[in-house]
Amino acid sequence: MDAKNVIFGETGLEKLVQVLRASGQPQDITKLVERYLEILREMVGTEEKR
Amino acid sequence: MSDKPNFSGSADQKALAEQIFQLMSAQGAFFASDAPIKQTLANLADFIAAQRKADRAKVVQEIDAALSKNDAVFGREEREDDVIYVISRLGAYRPRQEDTAHMFKRRLYEPENPLPVDDISVVVTTTRPALTTVEPVFISDYWQQQAGLTPIVPGDGQLSEVAEPQAAVEPEEVLEPTVEPEEVVEAAAAVVEKPAPAGTGIQNTLIALPNGVQIDLRRPVADLMAQYGPTLVAQFRAALENDPLRRIVTFGNDAFPEAAVENFGKNDLRRIRDYLLETSEPLLDSQIIADIFYHNPRQNDYETFRFALDYRLSREKDFEFVGVDGARLWSTKGMPAIGTKRVKASEMGQLTGYLEEGFDDSTAEQSAESIRSSGMLSHVLTFFEWEYGVLPYTKALAALLPTPLLQDQRTAVLRFESPQHYSSTLTELRYPTGNRGGWLQGLEEFFHDHLVPGALITLARTSEPHIFTLTYEEQPETTDRLLVLDEKKNKFAFANVSYFAAVDEDMLVNQQQYGRLRNLKSLPMSDRRKGDVALEHVFETVGEPVGTRSEPRYEATPDQLFVGLNVLRPASREYLAHLLDEGDEFEQDGERWSYAPPPVEIDEDEDQDDNLYDDDEE
């Protein structure tokens, strides 16, 4: 996915909702933003390949 | 239905086939005309054998034979031990064919013969923006491939995996001038390590936040959070709040999917409200859960339930959150007010407005950082604070007390314990709003019982975020004539008071030092909130008269004025200095200030001006 199509706070939010539901507990919003950035990184394909 | 299919076979078989067709058509009378209508051989045999009162086995054979002769109409499926016949209301069943040859989607995205383009800029935009921005313009993969920006790859949508960034065409984070040069070097080094294949294009990894800040997703999450953490959290929080689907909801710093948040019915809310009213003081969410819902903290869903309770109550207008981070307290309408009723909240907000105007010197002697780290704050009580049991929400107090947990939170309820008297006091902290200052109220009774104006008090944190201690240094009993406000007569007077607290002698409002304050008028709050009006009256009262009857003039030191002004209203030394500097009638003469009231016509019949007498001078 091209990063120009990413809308912060909207793109990938469904995935984040799934992650949050799977955790089963309310999460701190800072941790959630970190997880959200990871999701966005995965979506735009910038995850380092090792 | 009118045009029945033609049946073949012997006359009996034709009749039987027609009868079965009518039966199955009646069964699917409300089906679409081409929808499959199915029936088993066993069911058909049961029905017809019962109708004809014939042998079932024989009927089975007859049906099978008759329908086999008409296999153009009756589709036959063998499933396990049974046979299923299929027809439609039109006759034989034929699966529907979807015609997708002319879908709009296909025409939009897959042009068979796209127009040739010589210049790619023609495709990008036909107009030039007024201001040059780095806002990316969408160019379809097709045209990027045509322009040679990206290689043509087999399959669709796999473009970004192949393309590697090139240092030469990498977009810069133009809106963030603080990008460290090391990162550029690192990025360049990374590119050198992975040489881009020939003919590769741009892999755009820059995303723009709603406030315009661009961040590069190639950087590690930890780096991004370190540099943009507060911005990212704020923007993410705003995005969640603006999400029309409200997929994720927040309470304080916690977030959870809305769909998984438990609902509370009207009856639950009524029980919570009744319980709060019964206890007459704000309660912790954990206490509400334990006492009303009998939920155990050891249960797996406890935190989820707690979040649900807090979130749902925050959406109800009958409940108000008055807690802090770590102690989520809830209040409801109709609960007893905390603190003095003698000063209205709107008046108090204006009286402490000088703090929001920047005249807050509370951290001059003890820095906010030291208060925050030590968790202790020392403060000398002024007369106004002592009289009304309020403490202005100065920077020093703000460093000690917790910040609001919710963005729109107006108040927090805190408990102050006195280890010296084994008592505790419920107080209400009003946070500043706009140009109105904040304050802490509810200490009136404690101050009057144990302290005097000028007493040195120490406020300290405890292990609980909403509980604090209030202590003072004890000393042997002292009796003095101190200023008091006679509420009934609405006049100030000096009265004998015994106290056991260590005091700042300069701030002790006793008759010996500030005898003239007995003439101070207890101005209405509407006048007190006007700093200049209050100061003029204080000056006329505490100042030493040095003028004449026709040209009155008063002199006083800033310390005297500070104590006097703090009898009528809270004020800092900086605010006092500001009022003195701004007032045209005030003049500085060395360390003293003088005040010459504007001339007024004096009625000869009127009694002498009280201010010219100094009957309290010792």
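Reading the values: rules and limits
Residues numbered from 1 in each chain as written. Chains lettered and ligands numbered in written order. Predicted model: local features only at pLDDT ≥ 70, side-chain atom pairs only at ≥ 80, totals over all residues. Helix = DSSP H or I, 4+ residues; strand = E, 2+ residues; numbered from the N terminus. Buried ≥ 20, exposed ≤ 12 C-beta atoms within 10 Å, placed from the backbone. Core = buried A, V, L, I, M, F, W, Y, C linked by C-beta atoms within 7 Å. Contact = placed C-beta atoms within 7 Å. pLDDT = per-residue confidence, 0-100. Expected span 1.5 Å × (residues − 1). Nonpolar A, V, L, I, M, F, W, Y, C, P; charged D, E, K, R; others polar. Pairing = 2+ DSSP bridges. Axes fitted to C-alpha atoms, helices over the stretch in contact; angles between N-to-C directions. Parallel < 35°, antiparallel > 145°, perpendicular 65-115°, else oblique. Left-handed = near helix turned anticlockwise from the far one by under 90°.

## Things to note about the overall build of chain A
Okay, so step 1: Broken down by element type, chain A carries two helices and one strand.
Okay, so step 2: Counting from the amino terminus, helix and strand elements in chain A follow one another as α-β-α.
Okay, so step 3: Counting the 50 residues in chain A, one finds 36% classified as buried.

## Looking at the nonpolar core
Residue and element names in this part refer to chain B.
Okay, so step 1: Ranked by size, the top nonpolar core spans 113 residues in total, and within it Leu397, Leu483, Val509, Val538, Leu561 and Leu565 carry the most contacts.
Okay, so step 2: The contact partners of Leu397, leaving out residues within four places of it in the chain, are Leu377, Leu391 and Leu440.
Okay, so step 3: Counting 15 residues, the second-largest nonpolar core is a separate cluster that includes Ala17, Ile20, Ile63 and Leu67.

## Some points on the confidence of the model for chain B
All names here are of chain B.
Okay, so step 1: Mean pLDDT over chain B works out to 83, with 82% of the residues at or above the 70 mark.
Okay, so step 2: The model gives residues 155-201 a pLDDT under 50, and that stretch makes 45 contacts with residues more than four places away or in other chains.
Okay, so step 3: Ignoring residues within four places in sequence, the model shows residues 609-618, a span with pLDDT below 50, making 16 contacts including any to other chains.
Okay, so step 4: Scored as a whole, the predicted complex attains pTM 0.65, and scored at its interfaces, ipTM 0.90.

## Quick notes on helix α12 (residues 302-314) of chain B
Residue and element names in this part refer to chain B.
Okay, so step 1: Counted at 1.5 Å a residue, the expected span for α12 with its 13 residues is 18 Å, and the 18 Å between its end C-alpha atoms agrees.
Okay, so step 2: Among the residues of α12, those classed as buried are Arg306, Phe307, Ala308, Leu309, Asp310, Tyr311 and Leu313.
Okay, so step 3: Among the structural elements, β6 (248-251), β7 (254-257), α11 (285-293), β9 (319-321) and β10 (329-332) are those in contact with the buried residues of α12.

## Overview of the interface of chain B and chain A
Okay, so step 1: At the interface, 34 residues of chain B touch 30 residues of chain A.
Okay, so step 2: If one sorts the elements of the side of chain B that touches chain A by residue count, helix α9 (residues 221-242) of chain B sits on top with ten residues.
Okay, so step 3: Its residues assigned to classes, the side of chain B that touches chain A comprises 21 nonpolar, seven polar and six charged.

## Focus on the sheet that holds strand β23 (residues 592-595) of chain B
Residues and elements named next belong to chain B.
Okay, so step 1: Reading across the sheet, the four strands line up as β20-β21-β23-β22 and stay open at both edges, with antiparallel pairing between neighbours. Whereas interior strands pair on both sides, the edge strands pair on one side only; in this sheet they are β20 (544-545) and β22 (586-589).
Okay, so step 2: Pairing of β22 with β23, which is carried by four bridges, proceeds in the antiparallel orientation. The residue of β23 that forms the bridge with Phe586 is Tyr595.

## Considering the sheet that holds strand β13 (residues 411-418) of chain B
Residue and element names in this part refer to chain B.
Okay, so step 1: Read from one edge of the open sheet, seven strands run β11-β16-β17-β13-β14-β15-β12, paired in mixed fashion. Of all strands in the sheet, those with a lone pairing partner are β11 (376-380) and β12 (390-392), marking the two edges. Ignoring strand direction, the axes of neighbouring strands in this sheet form an average angle of 25 degrees.
Okay, so step 2: Here β13 pairs with strand β14 (residues 423-430) via eight bridges, running antiparallel. Bridged to Ser418 within β14 is Ser423.

## Some words on the pairing of strand β18 (residues 474-486) of chain B
Residues and elements named next belong to chain B.
Okay, so step 1: Where β18 lies against strand β19 (residues 491-501), ten bridges are found, and the strand directions are antiparallel. Across the sheet, the residue bridging to Val484 is Ala493, located in β19.
Okay, so step 2: A loop of four residues connects β18 with β19, the two strands running antiparallel in sequence, and Asn490 in this loop sits at a positive phi of about 55 degrees.

## Comments concerning the environment of Asp504 of chain B
All names here are of chain B.
Okay, so step 1: Its place among the elements puts Asp504 in the loop between β19 and α19 (511-514).
Okay, so step 2: In this structure, the C-alpha to C-alpha distance between Asp504 and Leu456, residues 48 residues apart in sequence, is 6.7 Å.
Okay, so step 3: Look past the residues within four positions of Asp504 in its chain and what remains in contact with it is Val380, Gly454 and Leu456.

## Regarding unusual backbone geometry
Leave glycine aside and you will find that most residues have negative phi; peptide bonds, for their part, are mostly trans.
Residue and element names in this part refer to chain B.
Okay, so step 1: Look at Ser280: it is not a glycine, yet its phi comes out positive at around 65 degrees.
Okay, so step 2: As for its placement among the helices and strands, Ser280 is situated in the loop between α10 (266-279) and β8 (283-284).
Okay, so step 3: One non-glycine residue, Tyr422, lies in the positive phi region at around 50 degrees.
Okay, so step 4: Assignment of secondary structure puts Tyr422 in the loop between β13 and β14.
Okay, so step 5: Judged by the 7 C-beta atoms lying within 10 Å of it, Tyr422 is exposed.

## Quick look at the pairing of strand β3 (residues 82-87) of chain B
Consecutive side chains of a regular strand alternate in pointing toward one face of the sheet and then the other.
Residue and element names in this part refer to chain B.
Okay, so step 1: Here four bridges tie strand β1 (residues 37-40) to β3, and the two strands are oriented antiparallel to one another. Looking across to β3, one finds that Lys38 is bridged to Val86.
Okay, so step 2: Sheet topology places strand β2 (residues 75-79) next to β3; five bridges connect them, and they run antiparallel. Paired with Glu77 across the two strands is Ile84, which belongs to β3.
Okay, so step 3: Between the antiparallel neighbours β2 and β3 lie two residues, among them Glu80 with a positive phi of about 50 degrees.

## Describing the packing of helix α2 (residues 29-43) of chain A against α9 of chain B
The relative placement of two packed helices comes down to the angle between their axes together with the axis-to-axis distance.
Okay, so step 1: Packing of α2 of chain A against α9 of chain B leaves a shortest axis separation of 9 Å and a crossing angle of 110 degrees. One element, α2 of chain A, and the other, α9 of chain B, form an angle in the roughly perpendicular class. By crossing handedness, the relation of α2 of chain A to α9 of chain B is classed as right-handed. On the side of α2 of chain A, the interface is formed by Ile29, Thr30, Val33, Glu34, Tyr36, Leu37 and Glu38 of chain A, while α9 of chain B contributes Val221, Leu224, Met225, Leu232, Val233, Phe236 and Arg237 of chain B.
Okay, so step 2: Taken together, the residues of the contact of α2 of chain A with α9 of chain B break down into ten nonpolar, one polar and three charged.

## As for the confidence of the model for chain A
Okay, so step 1: Here chain A averages 82 in pLDDT, while 88% of its residues score no lower than 70.
Okay, so step 2: At the low end of the mean pLDDT range in chain A sits helix α1 (residues 13-23) of chain A, at 89; at the high end sits strand β1 (residues 27-28) of chain A, at 92.

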